[in-house]
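Summary of structural features
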Amino acid sequence: MTTAPWRDPALPAEARVADLLSRMTLEEKAAQLYGVWVGAATDGDGVAPLQREMATEHDWDELITLGLGQLTRSFGTAPVDPALGARALARAQRRIAAAGRFGIPAVAHEECLAGFTAWRATAYPVPLAWGASFDPELVEEMGRRIGRDLRAAGVHQGLAPVLDVVRDPRWGRVEETIGEDPYLVGTVGTAYVRGLESAGVVATLKHFAGYASSAGARNLAPVRAGVREFADVTLPPFEMALREGGARSVMAAYTETDGVPVSADPRLLTDVLRDEWGFTGTVVADYFGIGFLRSRHRVAADDAEAAGLALAAGIDVELPTVRCYGAPLVDAVGEGRIPESVVNRAARRVLLQKCELGLLDEDWRPEPQGPLDLDSAANRAVARRLAEESVVLLDNPGALLPLASVTRIAVVGPRAADALAMLGCYSFPSHVLTHHPEVPLGIEIPTVVEALRAELPAAKVTYAEGCGVSDPDTAGFAEAAARAAEADVCVAVLGDRAGLFGRGTSGEGCDVADLRLPGVQAELLDALVATGVPVVLVLLTGRPYALGRWQGRLGAVVQAFFPGQEGGPAVAGVLSGRVDPSGRLPVSVPRLPGGQPWTYLQPPLGLAGEVSSLDPTPLYPFGHGRSYTTFTWEDFHGPEAEIPTDGSYDVSVTVRNTGDRAGAEVVQLYLHDPVASVTRPDVRLIGYRRLELSPGASRRLTFRFHADLSAFTDRTGVRVVEPGALELRLGASSTDVRHTARLRLTGPVRGMGPERRLRCDVEVSRGTD
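The shown structure was predicted, so the numbers you read here are calculated from the model rather than taken from an experiment. (Residues numbered from 1 in each chain as written. Predicted model: local features only at pLDDT ≥ 70, side-chain atom pairs only at ≥ 80, totals over all residues. Heavy atoms only, no water.)

A word on the overall build of the protein. Looking only at helices and strands, the protein has 21 helices and 27 strands in total. Here the C-alpha radius of gyration of the protein, 26 Å, is about what a compact globule of 769 residues would show, namely 27 Å. Counting only C-alpha atoms, the protein reaches 80 × 70 × 50 Å along its principal axes. Taking all contacts inside the protein whose residues are at least 6 apart in sequence as the whole, residues at least 24 apart take part in 79%. Of the roughly 26,700 Å² of accessible surface on the protein, 49% is carried by carbon and sulfur atoms. Positive and negative side-chain charges of the protein, numbering 76 and 97 respectively, have mean locations separated by a distance of 2 Å. (Helix = DSSP H or I, 4+ residues; strand = E, 2+ residues; numbered from the N terminus. Rg over C-alpha atoms; globule rule 2.2 N^0.38 Å. Contact = heavy atoms within 4.5 Å. Areas by Shrake-Rupley, 256 points an atom, 1.4 Å probe, with all protein chains shown as cover. Lys, Arg positive; Asp, Glu negative; His and termini not counted. Charge placed at Lys NZ, Arg CZ, Asp CG, Glu CD.)

This is the structure we're talking about:
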């Protein structure tokens, strides 16, 4: 028997796919461009925007005779035992391959924002907690573990990470982001991509691009970002994750910028993404995003026109299910309304990726190999470590923490005894199990009160809820205050309930008008403070909340951003002192709830001044975080110097742990540009390094700054390095500057090409142990 060229693994992928395409009908090529979502609800509450309106049912047996591009969320739609789910997915793949002329299986995709979104899979901390860790290496290890679990279950593509940069913390999806700084988002997000891709899973960058800049912090609202904001804040994390992380897929954002929906924007999806950056992978639609061109954006008269706009712009795959890229597309091509060339272009990209994944090979097998444990001890160890590293000690003015010697502790608040307080909206229990209340969580998630009792067995730990997360009932205040009055210390555990489309206080579609604590939690905190007992505020949230109301009134403040299933023990470990707090803020914490929108990336006019009565200065700045130990920054080396606009410069410092316990310091490098041809942020992060140090130990850090890192987009839209003065500021936060190096760039203005340096290398030399 002669093997067709497209089946021959010895041939180049391009040749194999060209041969396959030459054999396929228009209908078969179109079938490679859409997914099918089996079991998606068409009534009631959904897990995607306007799911009830947009989801449709299909004749599965008839549909797969043409082949199929993708299978949508075989594990993340309803609770299914992982082993049974993997076998069911394998059977579905066998049916798809057997039904079509060419025997090509589908790409199976799943959400994996904070772990594999499947029942009984490890629920890791949310991306905002990844940012708080300032630990890309650990995030990469987490991504690798998630990728291995996905592949073991038969999943090929993961819809993560989110690389949106926070522009307004009132936006509901802040919990899904890594932070408000593009360098932090880019470096940590790229690490996750490397981990996922190392396991053979296609990482999908979300949401390309501008989604987090929606006006008024409303989900899916228009984006009114300027050209330079888009180029210098929004796009760099995506470029880094593609160039350095090797991501093989990008998801188009729902939003529109300056009147052009992303899903119909060839400038963004083709000119920038492919022509400038050299991306060769697949672009997929966000769920129902192509149909929204007709129903929401109103730039298409029907589904066929929406399909034509999206294909011309560069969207290769319609997700989550077939609507526009099916019969409407085929009919429009037959009528001459849409050129077949755009179908061929997208089908080629999809099939090249299937070839990379081995799905065109004759020896392809879908059955899982070996046992499937999605919540292994190794997974949980990584989840625990990341949770511990992400907890931020915001304040501890009287050294009330740690609580190791306290004998009576009252734990109060609506987040203290709820396991779901640890999880973001894309964790399986919050995302899916809320629709299946009869099904157990499937994983162990200790609450804060449970974990604190285990952490401090000699202490008497009492509990009262006090109030709900968002309801107005204050009836529980009296009991909560009574428990606090009986204790030596009150631990108030407040925060968010993750949910979707208004069913939570944080999460997709859960946008807020201001940054007050939800419900009556602020009033509960006031009542606890009024008892006179020292209060430790613990926040389990998906966004920062304004805390200026309690400045100077609290014994300590601890912030955790949905720290995952191991978050309870991690928080308890920080409270007890077993864990030295080492998280740093990936987003600023505001002083007043109305001082928004604001992030630290402000030019001079965005800072406090006498021309306005509103002071936007945050209570706790980006990069801030305290420790139970102390560090000194010694032997700074950063002499004044001149370097050319394509030159480099080293700045060094020795960091020593001068305390009596092990801890971690996060050394941050910021750039200040005093004079430029366009306004620039007063400071912006361009490098950082997390250092773990035992008592008395030291390490020397050398940041290798290159002039490329000072580049920005000028008035003509070109990215340039300009000559002139610069300051490199080494700090423990964006405002806590320890040392400053002054240098001058000399020579001509230099335009930047696509190969510019994106990160600051950091060398760690051994010091003393």
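So, about helix α11 (residues 266–276). By the burial criterion, the buried members of α11 are Leu268, Leu269, Thr270, Val272, Leu273 and Arg274. Taking the backbone nitrogen of Arg267 as reference, a side-chain oxygen 3.1 Å away marks Asp265 as the first, capping residue of α11. Immediately beyond the C-terminal end of α11, within one or two residues, lies Gly278, with a positive phi of roughly 75 degrees. (Buried < 20%, exposed > 50% of the residue type's maximum accessible area, 1.4 Å probe, protein only. Polar contact = N/O pair within 3.5 Å; in protein donor to acceptor, adjacent residues only side chain to side chain.)

Tracing the backbone through its elements, the reader meets Asp736 in the loop between β24 (724–731) and β25 (737–746). Counting along the chain gives 305 residues from Asp736 to His431, while the straight-line C-alpha distance between them is 39 Å. Residue contacts for Asp736: discarding those within four places in its chain leaves Leu730 and Gly731.

Pairing in this open sheet of 3 strands is antiparallel, and the strands run β22-β23-β26 from one edge to the other. What marks the edges here is a single partner per strand, and that holds for β22 (712–713) and β26 (750–751). (Pairing = 2+ DSSP bridges.)

In terms of nonpolar packing, the biggest core is built from 210 residues, with Phe208, Tyr325, Leu329 and Leu547 touching the most fellow members. When residues in this core are grouped by element, the largest group, 8 residues, is from helix α15 (residues 340–356). Those residues in contact with Leu547, other than ones at most four positions away along the chain, are Leu394, Leu537, Leu539, Val557, Val589, Pro590, Arg591, Leu619 and Tyr620. Counting 37 residues, the second-largest nonpolar core is a separate cluster that includes Ala123, Leu403, Ala556 and Val571. (Core = buried A, V, L, I, M, F, W, Y, C linked by side-chain atoms within 4.5 Å.)

So, about the pattern of salt bridges. Taken as a whole and judged by the stated rule, the model has 59 salt bridges. Between Glu523 and Arg549 there is a salt bridge whose closest N-O contact spans 4.0 Å. Placement of the pair is Glu523 in helix α20 (residues 521–529) and Arg549 in the loop between β14 (535–541) and β15 (556–561), with a sequence separation of 26 residues. A relative accessible area of 44% places Arg549 in the partly exposed class. Here Asp708 and Arg757 are joined by a salt bridge, their closest N and O atoms 3.8 Å apart. Placement of the pair is Asp708 in the loop between β21 (698–706) and β22 and Arg757 in the loop between β26 and β27 (761–766), with a sequence separation of 49 residues. Asp708 sits in the buried class, given a relative accessible area of 6%. When its relative accessible area of 46% is taken as the criterion, Arg757 is described as partly exposed. In this structure, a network of salt bridges that share partners links the residues Asp135, Arg385, Glu389, Arg690 and Glu692. (Salt bridge = Lys/Arg side-chain N within 4 Å of Asp/Glu carboxyl O.)

Taken together, 5 strands build an open sheet; the order of strands is β17-β25-β24-β19-β20 and the sheet is mixed. Taken across any chain shown, the strands that pair with only one partner, and hence form the sheet edges, are β17 (641–644) and β20 (684–693). Averaged over all pairs of adjacent strands, the angle between strand axes in this sheet comes to 25 degrees, irrespective of strand direction. Direction of pairing for β24 relative to β25: antiparallel, over a ladder of 8 bridges. Residue pairing across strands places Glu727 opposite Arg742, the latter belonging to β25. (Axes fitted to C-alpha atoms, helices over the stretch in contact; angles between N-to-C directions.)

Attention now goes to helix α1 (residues 13–23). Structural remark: α-helix, 3.6 residues per turn; residues separated by three or four positions point the same way. Buried residues of α1: Arg16, Val17, Asp19, Leu20 and Leu21, and no others. Those residues of α1 that are buried are in contact with α2 (26–31) and α15.

As a further point, take the side chain of Glu110. Looking at where Glu110 falls in the secondary structure, it is placed in strand β3 (residues 107–111). Glu110 sits in the buried class, given a relative accessible area of 0%. Setting aside residues no more than four positions away along its own chain, Glu110 makes contact with Arg73, Ser74, Phe75, Gly76, Phe116, Thr117, Leu150, Val155, Gln157, Gly158 and Leu159.

With that out of the way, let us pick up the pairing of strand β13 (residues 489–495). Consecutive residues of a regular strand have side chains that alternate between opposite faces of the sheet. Of all 7 residues in β13, 7 are buried, a share of seventy percent or more. Taken together, the 4 bridges between strand β11 (residues 408–412) and β13 define a ladder with parallel strand orientation. What sits directly across from Val411, in β13, is Val491. Taken together, β13, α20 and β14 constitute a β-α-β crossover, and its handedness is right-handed. (Right-handed = clockwise from strand over helix to strand, strands pointing away.)

What follows is about the pairing of strand β9 (residues 282–285). Of the two faces of β9, the one holding Thr282 and Val284 and the one holding Val283 and Ala285 are both buried throughout. Inspection of the sheet shows strand β6 (residues 249–252) paired to β9 by 4 bridges, in the parallel sense. In the strand pairing of β9, Val250 is matched with Val283.

Our focus in this paragraph is the packing of aromatic side chains. Both the distance between ring centres and the angle between the ring planes are used here to describe each pair of aromatic rings. Under the counting rule described, the total for this entry stands at 14 aromatic pairs. Ring centres of Phe208 and Trp277 lie 5.9 Å apart, and the angle between their planes is 65 degrees; this geometry places the pair in the edge-to-face category. Of this pair, Phe208 sits in strand β5 (residues 202–208) while Trp277 sits in the loop between α11 and β9, and the two are 69 residues apart along the sequence. We note that Phe208, like Trp277, is buried. With 6.1 Å between their ring centres and 70 degrees between their planes, Tyr211 and Tyr254 make a pair best called edge-to-face. (Phe/Tyr/Trp six-rings, centres within 6.5 Å; stacked < 30°, edge-to-face > 60°.)

Its place among the elements puts Asn657 in strand β18 (residues 648–657). Among the polar contacts made by the side chain of Asn657, one reaches the main-chain amide nitrogen of Gly659 at a distance of 2.9 Å. Residues in contact with Asn657, not counting those within four places in the same chain, are Thr629, Thr630, Phe631, Ala662, Gly663, Leu693, Ser694, Pro695, Gly696 and Ala697.

A cis amide bond, omega -10 degrees, links Lys206 with the succeeding residue His207. Structurally, His207 is set in strand β5. Cis geometry is found at the peptide bond from Leu401 to Pro402, where omega equals 0 degrees. Turning to its location among the elements, Pro402 is positioned in the loop between β10 (392–395) and β11. Even without being a glycine, Arg73 presents a positive backbone phi close to 50 degrees. In this fold, Arg73 is placed in the loop between β2 (70–72) and α5 (82–99). The buried category is assigned to Arg73, whose relative accessible area is 2%.

Moving on: the packing of helix α7 (residues 136–152) against helix α8 (residues 182–198). Relative orientation of the contacting elements α7 and α8 amounts to 35 degrees, with a least axis distance of 6 Å. In terms of crossing hand, the pair formed by α7 and α8 is right-handed. Side by side, α7 and α8 meet where Pro136, Val139, Glu140, Met142, Gly143, Arg144, Ile146, Gly147 and Leu150 of the first sit next to Thr187, Val188, Ala191, Tyr192, Arg194, Gly195, Leu196 and Ser198 of the second. Across the contact of α7 with α8, the residue classes tally to 9 nonpolar, 5 polar and 3 charged. (Left-handed = near helix turned anticlockwise from the far one by under 90°. Nonpolar A, V, L, I, M, F, W, Y, C, P; charged D, E, K, R; others polar.)

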